[in-house]
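Chain and residue survey
Spelled out, the chains give:
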Amino acid sequence: MIEQLLPNPLFRNVSAGELRKDFEGLTYKVKNYTKGEILAHQGDVCNKLVILTKGSVRGEMIDESGRLIKIEDIAAPRALAPLFLFGAANRFPVEVTANENTEAIIIPKESVIKLFARNEAFLENYMNMSANYAQTLSEKLFFMSFKTIRQKLASYFLRLSATQGSQILLDRSQQELADYFGISRPSLAREVSHMQDDGLIKADRKQITILNKEKLKILIR
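Below, the structure is looked at part by part. (Residues numbered from 1 in each chain as written. Predicted model: local features only at pLDDT ≥ 70, side-chain atom pairs only at ≥ 80, totals over all residues. Heavy atoms only, no water.)

**Here's the deal with the pairing of strand S10 (residues 201-204)**
Inspection of the sheet shows S10 paired to strand S11 (residues 207-210) by four bridges, in the antiparallel sense. Each bridged residue has a counterpart across the sheet, and for Ile201 the counterpart in S11 is Ile210. Counting the residues that bridge the hairpin from S10 to S11 gives two residues, and of these Arg205 lies at a positive phi of roughly 60°. (Pairing = 2+ DSSP bridges. Helix = DSSP H or I, 4+ residues; strand = E, 2+ residues; numbered from the N terminus.)

**Quick look at the sheet that holds strand S5 (residues 68-75)**
Taking strand neighbours across the sheet as the criterion, the four strands line up as S2-S7-S4-S5 in an open arrangement whose pairing is antiparallel. The open sheet terminates on both sides in strands that have one partner only, identified here as strand S2 (38-40) and S5. For this sheet, the mean inter-axis angle between neighbouring strands, taken without regard to orientation, is 30°. (Axes fitted to C-alpha atoms, helices over the stretch in contact; angles between N-to-C directions.)

**Regarding the layout of surface pockets**
There is about 1,300 Å³ of room inside the largest pocket. At the level of elements, strand S4 (56-62), S5, strand S6 (79-80), helix H4 (120-144), helix H5 (149-164) and helix H6 (174-181) are the ones that each hand at least two residues to the lining of the largest pocket. Considering every element that reaches the lining of the largest pocket, the biggest residue donor is H4, with 13 residues. When the residues that make up the lining of the largest pocket are grouped by side-chain class, the tally is 23 nonpolar, nine polar and 13 charged. Contributing elements (two or more residues each) for the lining of the second largest pocket: H6, helix H7 (185-197) and S10. Of the residues belonging to the lining of the second largest pocket, the class tally is seven nonpolar, two polar and four charged. (1 Å grid on protein atoms, 1.4 Å probe; cavity = no way out; pocket = protein on both sides within 12 Å on 5 of 7 lines; lining within 4 Å. Points joined across faces, edges and corners; volume = space filled by probe spheres on them. Nonpolar A, V, L, I, M, F, W, Y, C, P; charged D, E, K, R; others polar.)

Treat this as a map of the structure, not an account of what it does.
Here it is, written out as structure tokens:
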């Protein structure tokens, strides 16, 4: 079991020997899920750390009409919603469903706290991961604040251009980007095509050349 945890970023710079010692006397269990099985419902109390060791899951949010909106795919060896284990509103923000046969190690909150006290590297890794997750959520909320797909894309391209210049390489596939924006892939592809027709960008798969940065900036003002 210990060897299966080592690839997880939460245990970076932690040796197998340290981990075996740190887990002595702690409560945890290994659980297997079949494809389509729900690991957590949106709104469930998050009182355990779930670390995937095999397989993958998807996080989906239920809107007011009951429609499921895909948020992201999570594959082993990642942990589920580590940011939401603590705090007053410690509930799963999404419904988590197995994409395939999946295995997870489940560690109750009380055992996680004991691990913090026993291993400083684990504590630091957990804090860094939570901060990165919070930043990702913040960025997603920022993109969701734009009403049109064109505005979302303009903002996304401009953010990448801040470090890459006018020729940018997308860090997501079209499907991943569509899921990130909460829209369909055909809608995204159509808007990219329209932006090319309007002379704003030139697209070649994941390579985007910004042709008119000022017009992109005007779109998101």
